[in-house]
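# Structural characterization, general
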Amino acid sequence: MELARGSTGKHREAPAFPPGIPGGHGAPGSCCWGRGSPWGCVSGHLYTAPDSCEGRCGEAPSEEDECHCHPGCGTLGSCCGDFERRCRPGGDGEEEEDEDEEAAPARGGFSRSRDSITERELLELSEQLYGLDHNRARPGDIALNPQHRAGPGETGHGRDLSPQPLYKHVNEELFSKPTYSSFIKLLDNYQRATGREEEVTAEELREQDTFLGEAMATELMRTLFAFLRQKNRYDSEQEFLEDLKGMWFGLYSRGDGEQDSSGFEHVFSGEVKKGKVSGFHNWIRFYLLEKQGTVNYLSHNFDGPWDTFPTVLGLQFSWDGFHKEVGSAFVGSSPEFELGLYTLCFLARPGRACHLSLGGHSLSIQTFPWTKSTYGGGRRFIATAYVMSP
């Protein structure tokens, strides 16, 4: 079934990757898909620090990366400090297994190598969760008007190339579903400017608990928990809930020491840092602010291959005049679907591309842990999570 859209972007085109990077993320035979690459990219480790090239050699650059590991990073002056050692021919890109997995559960949350999550398991579980997103939008619930498809040189100038809003129609009855309504209540709990201390009230803490409770009541999240319990990541649902609250809602500082940010705020609500939009990867938040007139859709540079919801859109927009040069978001997914997939990838592949399958189509999610502070005895907060679009 075809989505209600404009005349462009109905089919996924072959992605254009930066010069010198064959295949890019996730393409069969490309680096970061498996072993055997001349750049030494591997997929066996559970955790990679965002300032390291461990397991990242050859990956396409992203604006949210702290440093890069692709062949052209030297020209750009953006290479990670261990690029030469890990990624140049003759380096140690084929890393050894962690010598002390029992002593380092925070690296990926899995204490033994037999509990690690394989590529096949990620593909199978993501398809299962996709099928369990019973609260997703149905055909006719959302009508999009993507309009102008931006070329490689058009995403950074901030010009409005799409005179009409992105959303032509949204069936707001979706928002009465428990996970949607409890999710939406969280969106006004944050100050978007980094460097300003977040003050969390008792009511806001209750709203966090309500949303997580509603999410855990879904078959989708219960299935994810059962999988993670089988992998010896969690012993009980309560432990899982407490960790979800820590990784997503725990506060840390993106500024000068103020407790000004969290994974949920960054990913779902959005922030403004150094005059630019940071994070903001949620379609519900976008629709509500576009309806209010505070978000202005500019163009899109990627449209996923799905012919039903959820789909994926790479887009450019402004938020009260602050520009988002390259953003990405699921469209039509339920809040629990995004929470579940991002959590899965953060636990299984933090700091690295997480290759999934949705409805028979490949998709990758990138997450990064916050490395400057921890919670719960060394566990990492979520710094960011987003769908990777070419």
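So, here is what we can say about the structure in this document.

For the protein chain, the helix and strand inventory stands at 10 helices and 10 strands. Out of the 390 residues belonging to the protein chain, those deemed buried represent 55%. Of all intrachain contacts in the protein chain linking residues separated by at least 6 positions in sequence, the fraction that spans at least 24 positions is 63%. Counting every atom, the protein chain has about 16100 Å² of accessible surface; 48% of that belongs to carbon and sulfur.

It is worth spelling out the packing of helix H6 (residues 219-230) against helix H7 (residues 237-249) at this point. One way to put it is that H6 packs onto H7 with a least axis distance of 11 Å and a crossing angle of 105 degrees. Comparing the axis directions of H6 and H7 gives the class roughly perpendicular. Residue-level inspection shows Met221, Leu224, Phe225 and Leu228 of H6 in contact with H7, the latter providing Glu237, Phe240 and Leu244.

Tyr167, Trp248, Phe264, Trp283 and Phe330 are the most contacted members of the largest nonpolar core, which has 85 residues in total. Ranked by the residues each element gives to this core, the list is headed by helix H10 (residues 335-348), at nine residues. Aside from chain neighbours lying at most four places away, what touches tryptophan 248 is Ser262, Gly263, Phe264, Val267, Phe268, Leu339, Tyr342, Thr343, Ile382 and Ala385. One finds Cys69, Cys73, Cys80 and Cys87 within the second-largest nonpolar core, a separate group that totals eight residues.

Attention now moves to the pattern of salt bridges. If the charged atoms of two oppositely charged side chains come close together, the side chains can form a pair. If you walk through the whole model with that rule in mind, you get nine salt bridges. Taking the shortest distance from any N to any O, the salt bridge between arginine 349 and glutamate 119 comes out at 3.0 Å. Placement of the pair is arginine 349 in the loop between H10 and strand E8 (353-358) and glutamate 119 in helix H3 (residues 119-131), with a sequence separation of 230 residues. For arginine 349, a relative accessible area of 2% gives the class buried. The partly exposed category is assigned to glutamate 119, whose relative accessible area is 22%.

Spatially, three strands are ordered E8-E9-E10 in an open sheet, and the strand pairing comes out antiparallel. Only two strands of the sheet have a single neighbouring strand rather than two, namely E8 and strand E10 (379-387). The mean angle between the axes of side-by-side strands here comes to 35 degrees, regardless of whether they run parallel or antiparallel. As judged from the six bridges shared by E8 and strand E9 (residues 361-375), these two strands associate in the antiparallel manner. Bridge pairing links serine 357 to serine 362 in E9. Contacts from H3 reach E8 and E9, with the element oriented near 45 degrees to E8.

Conventions adopted
- Along each chain, the written sequence defines residue order, and numbers are assigned to residues from 1.
- Reporting of local features is limited, given that this is a predicted model, to residues whose pLDDT is at least 70; pairs of side-chain atoms are given and counted only at 80 or more, and all residues count toward the totals for whole chains, interfaces and linings.
- Processing note: side-chain calculations cover all non-hydrogen atoms of the structure and skip hydrogens and water entirely.
- The secondary structure listing takes helices from DSSP runs of H or I that are at least 4 residues long and strands from runs of E that are at least 2 residues long, numbered from the N terminus.
- Burial here depends on accessible area, computed with a 1.4 Å probe over protein chains only, as a share of the maximum for the residue type. Under 20% is buried, over 50% is exposed, and the range in between is partly exposed.
- Working rule for contacts: check all heavy atoms of both residues, and any pair within 4.5 Å makes them a contact.
- Using a 1.4 Å probe, the Shrake-Rupley method yields the accessible areas, and only the shown protein chains count as cover for residues.
- Note on definitions: angles span 0 to 180 degrees between N-to-C directions of axes, and those axes are lines fitted to C-alpha atoms, for helices only across the stretch in contact.
- To sort the angles, those under 35 degrees are grouped as roughly parallel, those over 145 as roughly antiparallel, those from 65 to 115 as roughly perpendicular, and the leftovers as oblique.
- Buried Ala, Val, Leu, Ile, Met, Phe, Trp, Tyr and Cys residues form a nonpolar core when they are joined through side-chain atoms within 4.5 Å.
- Whenever a carboxyl oxygen of Asp or Glu lies within 4 Å of a side-chain nitrogen of Lys or Arg, that contact is scored as a salt bridge.
- Paired strands, as defined in this entry, are two strands with at least two bridges between them according to DSSP.

So far we have only geometry, and geometry alone does not tell us how the molecule works.
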